[in-house]
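As a plain string of letters, each chain reads:
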Amino acid sequence: QGITFKWIRPYDYELHSMIYQSFLAGAQSIGYYGFGESGNAESAGQLENSGDLWPVIKGFYDSGEYDIMFAQYSSGKSEFITRYRGNDVWYDVWEDNGVYYAAVQNRTWNDSVIEIELEDDIESIELVSRIAEADTAIKEKGFSVELRNSQAVLLKIIPSEAEEPYVPIIPVNPSTPPATPE
């Protein structure tokens with residue numbers, strides 16, 4: 001995706017959402033480069049500095065978002081627990097080593113609540129993203145995410161551990177009764 005700041009000037013959360021849109025639309029990797037020096041671009045004789053957007057890109061890498069997204073989308077895996085592409089929201093949910101991840105993008109100019117169903121019960125939900133904000137709520141067999149306009153987030157979802165069934169302790173030598181306290 002190429003942009004020029006001559007006509008387009010994204011806010012930090014919009015640039016962050018563009019990164020998510022790229023992955024959700026099928027990109028396998030994300031990279032950035034600038035024309036000019038340190039993100040400066042000459043436009044209509046005036047120098048515009050994009051240095052305020054560099055923290056978005058750096059934050060995406062430093063937060064671990066890139067590593068998690070890259071591992072899923074560049075791996076060639078097509079396994080997703082659930083995926084959705086609608087006019088208002090896109091999301092993917094996948095499992096990696098017993099943990100679920102959800103990449104969720106609000107594609108509207110309004111705040112939105114997105115309901116996502118899962119088969120497993122959820123113990124906790126952590127926000128991996130540093131740029132965007134989200135309110136989450138654990139529901140029975142799923143969760144909801146409230147996203148501000150045009151924002152996207154990566155969530156780490158810890159499923160609840162299944163309760164171990166009760167198994168009585170059987171002495172090693174069943175003919176010997178267990179010792180009683182004195």
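Here, every reference points to the structure presented above.
An account of the accompanying structure is given in this report. Remember, it's a predicted structure, so these values are computed and weren't measured experimentally.

1. Observations concerning the layout of surface pockets
Rolling a probe over the atoms, with the probe sized like a water molecule, indicates the empty space that remains. Taken as a whole, the second largest pocket spans an internal volume of roughly 170 Å³. If you go around the second largest pocket, the residues you meet are Glu 14, Ser 17, Met 18, Gln 21, Gln 105, Asn 106, Arg 107, Thr 108, Trp 109 and Ser 150. Breaking the lining of the second largest pocket down by element, the ones donating at least two residues are helix H1 (12-24) and strand S5 (99-106). At four residues, the largest contribution of residues to the lining of the second largest pocket is made by H1. Tallied by class, the residues present in the lining of the second largest pocket amount to two nonpolar, six polar and two charged.

2. Examining the side chain of Ser 129
Residue position: Ser 129 is located in the loop between strand S7 (122-127) and strand S8 (134-139). What makes Ser 129 buried here is its relative accessible area of 6%. Of the polar contacts made by the side chain of Ser 129, one reaches the side chain of Tyr 20; its length is 3.3 Å. A distance of 2.8 Å separates a polar side-chain atom of Ser 129 from the backbone nitrogen of Leu 154. Those residues in contact with Ser 129 that sit more than four places away from it in its chain are His 16, Tyr 20, Glu 65, Ala 152, Val 153 and Leu 154.

3. Structural notes on the pattern of salt bridges
Applying the stated criterion across every chain yields a total of five salt bridges. Between Asp 62 and Lys 58 there is a salt bridge, and its shortest N-O distance comes to 2.7 Å. Taken together, the residues Asp 62 and Lys 58, both in helix H2 (residues 54-62) and four residues apart, mark about one turn of the helix. By relative accessible area, which is 42% here, Lys 58 ends up partly exposed. Of the charged contacts, one joins Arg 148 and Asp 135 as a salt bridge, the two residues approaching to 3.2 Å between their closest N and O atoms.

4. A short note on the pairing of S5
Among the eight residues of S5, eight are classified as buried, and the element is accordingly described as predominantly covered. Burial along S5 is two-sided: Val 99, Tyr 101, Ala 103 and Gln 105 facing one way and Tyr 100, Ala 102, Val 104 and Asn 106 facing the other are all buried. Taken together, the eight bridges between strand S4 (residues 89-96) and S5 define a ladder with antiparallel strand orientation. Bridge pairing links Asp 92 to Ala 103 in S5. Here S4 hands over to S5 after two residues, with Asn 97 in that stretch at a positive phi of 55°. Both S5 and strand S10 (residues 152-159) contribute to a ladder of six bridges, which runs antiparallel. By the bridge assignment, Ala 102 is partnered in S10 with Leu 155.

The rules behind each value
Residues numbered from 1 in each chain as written. Predicted model: local features only at pLDDT ≥ 70, side-chain atom pairs only at ≥ 80, totals over all residues. Heavy atoms only, no water. 1 Å grid on protein atoms, 1.4 Å probe; cavity = no way out; pocket = protein on both sides within 12 Å on 5 of 7 lines; lining within 4 Å. Points joined across faces, edges and corners; volume = space filled by probe spheres on them. Helix = DSSP H or I, 4+ residues; strand = E, 2+ residues; numbered from the N terminus. Nonpolar A, V, L, I, M, F, W, Y, C, P; charged D, E, K, R; others polar. Buried < 20%, exposed > 50% of the residue type's maximum accessible area, 1.4 Å probe, protein only. Polar contact = N/O pair within 3.5 Å; in protein donor to acceptor, adjacent residues only side chain to side chain. Contact = heavy atoms within 4.5 Å. Salt bridge = Lys/Arg side-chain N within 4 Å of Asp/Glu carboxyl O. Pairing = 2+ DSSP bridges.

No statement about biological role is implied by the geometric values presented.
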